[in-house]
Amino acid sequence: MNALDKFFSDAGRIIRAADRRNPASLRESFDRLSALFAEELARCPGITDDLARETAGFWKGKYGPVLLSPDTAEPDREEAASWAGRVLALFCGGFGAEMDFSPEDWAELQAAVSAEADFLDVQVLSAIMSVFVERGVL
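This write-up is about the structure you can find in this document. (Residues numbered from 1 in each chain as written. Predicted model: local features only at pLDDT ≥ 70, side-chain atom pairs only at ≥ 80, totals over all residues. Heavy atoms only, no water.)

1. Brief notes about helix H1 (residues 3-17)
Here's step 1: For H1, built from 15 residues, the straight-helix expectation of 21 Å at 1.5 Å per residue is met to within 8% by its first-to-last C-alpha distance of 21 Å.
Here's step 2: On its buried face, H1 sits against helix H2 (23-43) and helix H4 (74-92).
Here's step 3: A distance of 3.0 Å separates the backbone nitrogen of Leu4 from a side-chain oxygen at the start of H1, and that oxygen is part of Asn2. (Helix = DSSP H or I, 4+ residues; strand = E, 2+ residues; numbered from the N terminus. Expected span 1.5 Å × (residues − 1). Contact = heavy atoms within 4.5 Å. Polar contact = N/O pair within 3.5 Å; in protein donor to acceptor, adjacent residues only side chain to side chain.)

Set out below in C-alpha cells:
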C-alpha cells in the first residue's frame, strides 16, 4: 500500500468512526482528519510549510462545516477526505486522470502554488504546473 492509499484508508476509517449524534465525536473526527492531512502534506517532498499550511487552512474552511454538522450526508463527508487525498496526489505526485477539482478549487490551488513558486523544489513545481496546464488552469 502506498502513502496515498494509506491516507485514503485512514481518512475513511476516521470518518466512519465518528458518531454523528455526538458533537464531541464529530469534533474529534475533524481534528484527527485535519492532523492526518497536515502530516501528509508535510511529508510531500519539495512542498513548503507555507503552502502546506495555506492548503490545509483552505480545506478546513471548506470542509470544517461539512464534517462538524450532524446533518451532513455520508457522501459529503467522504468528499472531504477525497479532496484532501487529491491535493496530496497533486503535491506529492500521482495525480490521476480521474482526479479533478471544482473551478474554484483549481483557482485556489493555483494561487497558493503561485505564491510559493519561488520556494518550491523546481521538479515539484514543474510537475504541479504541468497538471495545471493539462487541466486548463493556466
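Right, picking up where we left off after that structure.
2. Some details on the environment of Asp71
Here's step 1: The residue Asp71 is located in the loop between helix H3 (49-68) and H4 in this model.
Here's step 2: Residues Asp71 and Arg21, 50 residues apart in the sequence, show an inter-C-alpha distance of 9.1 Å.

3. Focus on the pattern of salt bridges
Here's step 1: Tallied over the full model, the rule gives 11 salt bridges.
Here's step 2: Between Arg20 and Glu74 there is a salt bridge; the shortest N-O distance is 3.4 Å. Residue Arg20 is located in the loop between H1 and H2, and its partner Glu74 is located in helix H4; the two are separated by 54 residues in the primary sequence.
Here's step 3: For Glu74, a relative accessible area of 26% translates into the label partly exposed.
Here's step 4: Taking the shortest distance from any N to any O, the salt bridge between Glu79 and Arg86 comes out at 2.9 Å.
Here's step 5: You can call Arg86 buried: its relative accessible area is 11%.
Here's step 6: Put simply, Lys6, Asp10 and Arg13 are held in one network by salt bridges that share partners. (Salt bridge = Lys/Arg side-chain N within 4 Å of Asp/Glu carboxyl O. Buried < 20%, exposed > 50% of the residue type's maximum accessible area, 1.4 Å probe, protein only.)

4. Examining the packing of H3 against helix H5 (residues 103-116)
Helix packing geometry: the angle between the two helix axes and the distance between the axes.
Here's step 1: In the contact formed by H3 and H5, the axes pass within 9 Å of each other and the chain directions differ by 160 degrees. Taken as axis vectors, H3 and H5 run roughly antiparallel relative to one another. For the pair H3 and H5, the sense of crossing is right-handed. Here Asp50, Leu51, Glu54, Thr55, Phe58 and Lys62 of H3 come into contact with H5, specifically with Asp105, Glu108, Leu109, Ala112, Val113 and Glu116. (Axes fitted to C-alpha atoms, helices over the stretch in contact; angles between N-to-C directions. Parallel < 35°, antiparallel > 145°, perpendicular 65-115°, else oblique. Left-handed = near helix turned anticlockwise from the far one by under 90°.)

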